[in-house]
Amino acid sequence: MIPEKSRITQGQLMFFIVQSQVGVGILTLPHKMQESAKGGGWISVLIAGLAVQVIILILWALCRRFPSDTIYGFLPKITGKLLGNILCFLYIGYFLFSAGTVLAKFADVVGRWVLLSTPRWALLILALLTCMYLAKENLRVIARLFVISSLTIIVMVALSLCGYANANFSYIFPISEAGWGNIIKSANEALFPLVGYEAILVLYPFVEGKSGGKLKAASLGNMMITLFYTFEVFTSLVIFSPAVMPAVSEPLLYMLKGFSFQIIQRIDLIFLSVWIFVVSTAMVSWIYMATVGLGHFFHRGEHKKAVPYAICILFILAMIAQEPSVTDFYDQAIKISHYTFVVGLPLILLCFAYFMRKRGT
Amino acid sequence: MKDVLSKFFSNNRTEEKPQMKISVYTSLDQNMEYIKNQLFHASDLKWRSISFNQSKGLIVFLESLSDLQKIQQEIIKPLEGKSQGNVDEVVTSVGITKHSDLSEVPQALIQGNCVLLFEGSTEVFIIDVAAVNIRNISEPANEGIIRGAHDGFIEHLMTNLYLVRKRVENPNLVVRYYQSGKATKTKLALLYMQNLANPDLIKEVDQRINSISLDMTLSPGFIAEMMEDNPSSIFPQILLTERPDRTAAHLMEGRVVILADGDPSALILPVTFFAFYQSPDDYHSRWIAGSFVRLIRLVSFIIASLIPALYIAIIGFHPEILPENLIFSVKSSIDRVPFPPIVEALIMQITLEVLREAGVRLPSRVGQTIGIVGGLVIGESVVRAGLISYPMVIVVALTAISSFVAPSNEISIATRLLGFPLMILAALFGLIGITFGMLFILIHLCKLECCGTAYFAPVMPLRMKDMKDTFVRFPIWSLNQRPHDPHPQKYVQERNSRGWKQDDPGKE
Amino acid sequence: MKRICFLCLVMSLLLFIAGCWDQDLLKDARLLYGGGFDFAPKGKLRVTFVIQDVPAGEQQSPKNDIISAEGDTPMDAREHADDQISRHLRSYKNRFVLIGEELAKQDIYPVLEVFYRDPKSALNARIGVAQGTAEDILSLKKVGNVLIAEEIDELIKSKEETTTVPKVTLEKIYPVMLDPGEDFVLPYLMEQGARVDVSRIAMFHNNKLTGTLSPEESSMYLLLKNSKGKEARFTQNMSSIGEMSTTEDNPQRRYDFLTFNVDKLKRKMKLKVQSGNQITVHLNLKLKVSVIEYPKDRLEKKQVVAELNKRLSKKMTDLAQKTLEHMQKARCDGLGIGRQLMAFHPRVWKQQKEEWGSNYQKVKFAPVIQVEITKQGIIN
């Protein structure tokens, strides 16, 4: 059922999860965390990471019942054909929408920091063509690239370490300034930059090995990313005084802007370039998830053919989201759909499958 | 004359048909007539009459292909001397075969055999007297090394096979002949280690060679292009080398080698990107030095493909990247240049390519002119005239030198070609464009496959064990496994060679 | 094949429409090397820019072009300046920003805001306060053989290394500027004859200039702040009679001075809040110093060294006391006491937040400085 060329190892699954999770959120997360949780923002991220771990457990439990089906395969099996297919389309929509949001935010940041007057469509085409080139490939090729592009995370950490030259650790104290309630509440906010782990819904059958190993890989990936995010949030918090944070929406870039090495200045441009790798891979991961579904329904399982259509949709989605009001709407929509499709529905489905004793072969 | 022409044309048409078997005529003249007609009365077709066993005979040969000395020594002299007996026994040649089919004779003649015919006999003797005119085994000019073996392949297949066989004295080394080129009948040899090379790989290669259907196989480039998985990629996927030691080393890693008669290059497949950056020198020098040199080579790949684009992006988009001491000196130099950086770069890069190509074509006596024209006129005057800035000249010079560092000519051109799209992207989007360009290249490298093995192998897919011999070269004793990319049958290639060290019973 | 053609087409199309939207050619730029901001009549702002030009050619030395303009805001004034020069004025290599004394007595944040908002601005530019007006200093054009812009930049840089002025860039003061619990200090540039002197620190409170420290105090402040540069030199009068006696009264005492360099600095700052919200700050500094010049005596005897240690400790403690007094008078919370309160005594901070300026003046400082001579050069 699963072609040999699409099989990936568990290590590759881990990096796939890693690359899907690190996206645009990394730049703005510290700003958001400080807004709601003040000095304790980094704790919120840790809590969010734990929450994600629980969700991964749910998703895994669900996938485990249908070891040879993607979500598009097992949804109709659980809920019946009609409802299942409708749900599948909703999931496809959710995946595409997530990719579109990532893309729109990417264009926003690049347009704000580097290419101030380059038209948005040119940037989008550049990004989308690159993504298309990768998304068309079979899973194995995508996973191989993801493994390598995870190196960029190390580069990002190394660059952030430069910032510690100006660090003032008293900025994060008192940790509970916003109150523990707020810290937990803002963990909710921290959940969205961490999305991407739902890749497991689609990838599960493609991974070699036993289900326990798959869970381990996904959890390890999530753990790495949670730690990475925590580190970045912490870094931003100790470098910018609480009064500055509201003014700076991309603290990580901002702190590198004034920093200079002997032969190169504007480290933020380097960071941004590295970040592009990460964003592109996250986008590819969403596109892949969506096109597997589209291919399942329209192209007899060949996701390759669905890619151009997905790209067109993404282009339109990202072109619409130019105004802040639309972007806010996107954010809200993502939040709601994230809870519905990644937390709510899988839980219901899991219970349903459990009580109905539905299992895949 | 007329019938010759008509025959020529008619034969042209009939050539496609399978050759009918024609038994040897009993009459010498008839046979001779047939042979002459088949070779269209070629002027280098010679014959000499001889008598043996009281019957009249003829020795027919093409003087251009046969070694006259051999004919005289091994055929005429014994036959004249004995004048009686069995021909097989009397003739002292190594290769002598009896045929009764006359249609095989012309083919045998053009392969450099001579034909012995006798009046009244229905059999002909085909005797191998091919002349061997080969050049000396010399070091390949474009793959020179400092230390190590200084021999190289030549245009003669047998010599090349000798060079490989001599290095790998192992019955497991299999040589398979193929013929490619419907008209030219070029001989190909496929070499592999029976106990190492992956059988699937051999099957795949065999299938690909057999499917080549060409009138003429001129260069191994033809074969390479027919066999590559992605012929439209900018990266070469089959390694061409003229070095027997390199060939032998790849054979021992379980790869497959194709040699062609008439060309000194061996095709090695499947290879990874990094194979193009390995040189036998790495293994002959000490491992630290070897690692350093190899790292430099790989860095030069990045420099050659990226530096012009980076220059354009920095001068055109993000001058603030330059530190203040540098920016003023750069600025003073580029202030007078009338072109945008992309045009500047394109002019210089194309000039460089033209110079390089001219350097290859020019006879060595005129070669100095290139130095003067290239170095003085283009390097110096172009800046003096204010057309190009100094930094641009430096960038182009760096690019050129870095790209020539690559031990393989194919990859060196590929690197420079790679620079052009990157330059365009840099001119459009600055650093962001370069990043996307690099991502694109990375995806492309990740996608490429060569006979079922990943092109960018130890990196994508990641395999730490093979990294030992990728970016750097670890000491030989730590490379105890073959690289995994060609999926060899046996991985272990080294077993505790430095065992003597542990055995030392700690005296003193 | 079709795909390749298509790709080529797209590529060439892109190349042709390459408006290169964001292209900002280096050769079309006039590079700003430094700028000064002053008050102008009618509430306007007067900016003075130093533009560095390097003529082409090998032996040409750079030239400075000084240009002034007025406007309502820094950016407005800059636009006016741009009107007067060819090509585009670009500030991404700006090395320093000078603020005139009068202007600095107002809130300086609005003046600097544009630097923080522009993605291309040079955040690593140094910043300083000019005695009188910045324009006057920049109008010197040349100091000795060095162009004024380079001179100022290099001078501040070298003074940072000798622990005379703090290492301050636009980026570094940004978090401090907006933080209510900490104040920043800037180098204070004075015009002396045809030269520029950088040895003092200008103190700020709430982003307004409130006073300056003397050169010795400036170095002491930096020690207290635990931000020693490469070297930190002090010269102290060692006469035992006390500070009243000057060299004129007693010619033998003429050379009774000791110059030393601080090699190692260990600082401990402890903040104690006692009942009644009395804040006491204990500052313990341990200095390991090397003697650089001491013409009067030799240092072979241990007693002498011990005596010197004791006396130096006393002198330095006094100096610290004086420095802190001056700072408190200027309300400049340069040590970030408010920040400490905020982080570790949030309740106290909440009470004192409103009137931190005057509350800061009530903070008790207890500096203790221990000096230990560890090196004496190559003679005793």
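Residues numbered from 1 in each chain as written. Chains lettered and ligands numbered in written order. Predicted model: local features only at pLDDT ≥ 70, side-chain atom pairs only at ≥ 80, totals over all residues. Heavy atoms only, no water.

All names here are of chain B. Segmentation of chain B into domains returns domain 1 (2–128), domain 2 (141–271) and domain 3 (283–454). Inter-centroid distance (C-alpha atoms) of domain 2 to domain 3 is 32 Å. Contact with domain 2, which involves 21 residues of that partner, is made by 16 residues of domain 3. A combined buried area of about 1,600 Å² lies between domain 2 and domain 3, and 72% of that area is made up of carbon and sulfur atoms. Together, Ile-234, Phe-235 and Pro-236 form the three largest contributors to the area buried by domain 2 at its contact with domain 3, with a combined 36%. Remark: the boundary between domain 2 and domain 3 carries zero salt bridges. Residues that form the side of domain 2 that touches domain 3 fall into these classes: 10 nonpolar, five polar and six charged. (Domains from an automatic or database assignment. Contact = heavy atoms within 4.5 Å. Buried area = accessible area lost by both parts, 1.4 Å probe. Salt bridge = Lys/Arg side-chain N within 4 Å of Asp/Glu carboxyl O. Nonpolar A, V, L, I, M, F, W, Y, C, P; charged D, E, K, R; others polar.)

A few words on the interface of chain C and chain A. The interface is formed by 26 residues belonging to chain C together with 34 residues belonging to chain A. It is Trp21(C), Asp22(C) and Pro119(C) that lose the most area in chain C upon contact with chain A, and together they represent 26% of the buried surface on that side. Where chain C touches chain A, the interface holds zero salt bridges. The tally of links between chain C and chain A comes to eight residue pairs in polar contact (both at pLDDT 80 or more). (Polar contact = N/O pair within 3.5 Å; in protein donor to acceptor, adjacent residues only side chain to side chain.)

Taken as a whole, this structure holds 51 salt bridges over all chains when the rule is applied. With a shortest N-O distance of 3.0 Å, Glu137(A) and Lys447(B) are connected by a salt bridge. Of the two residues, Glu137(A) sits in the loop between α6 (120–135) and α7 (139–149) while Lys447(B) sits in helix α17 (residues 431–447), which places them in two different chains. Of the charged contacts in the structure, one is a salt bridge between Arg208(B) and Glu204(B), with a shortest N-O distance of 2.8 Å. One end of the pair is Arg208(B) and the other is Glu204(B), both in helix α7 (residues 199–210) and four residues apart, which spans about a single turn. You can call Glu204(B) partly exposed: its relative accessible area is 29%. Salt bridges linked by common partners bring Arg266(A), Asp268(A), Glu320(B), Asp24(C), Arg90(C) and Lys120(C) together as one network. (Helix = DSSP H or I, 4+ residues; strand = E, 2+ residues; numbered from the N terminus. Buried < 20%, exposed > 50% of the residue type's maximum accessible area, 1.4 Å probe, protein only.)

Residues and elements named next belong to chain B. In this structure, the amide linkage connecting Leu-269 to the following residue, Pro-270, adopts the cis form with an omega of -5°. Along the chain, Pro-270 falls in the loop between β10 (266–269) and α10 (280–284). The phi dihedral of Asn-53 is positive, around 55°, even though this residue is not glycine. Tracing the backbone shows Asn-53 in the loop between β1 (45–52) and β2 (55–62).

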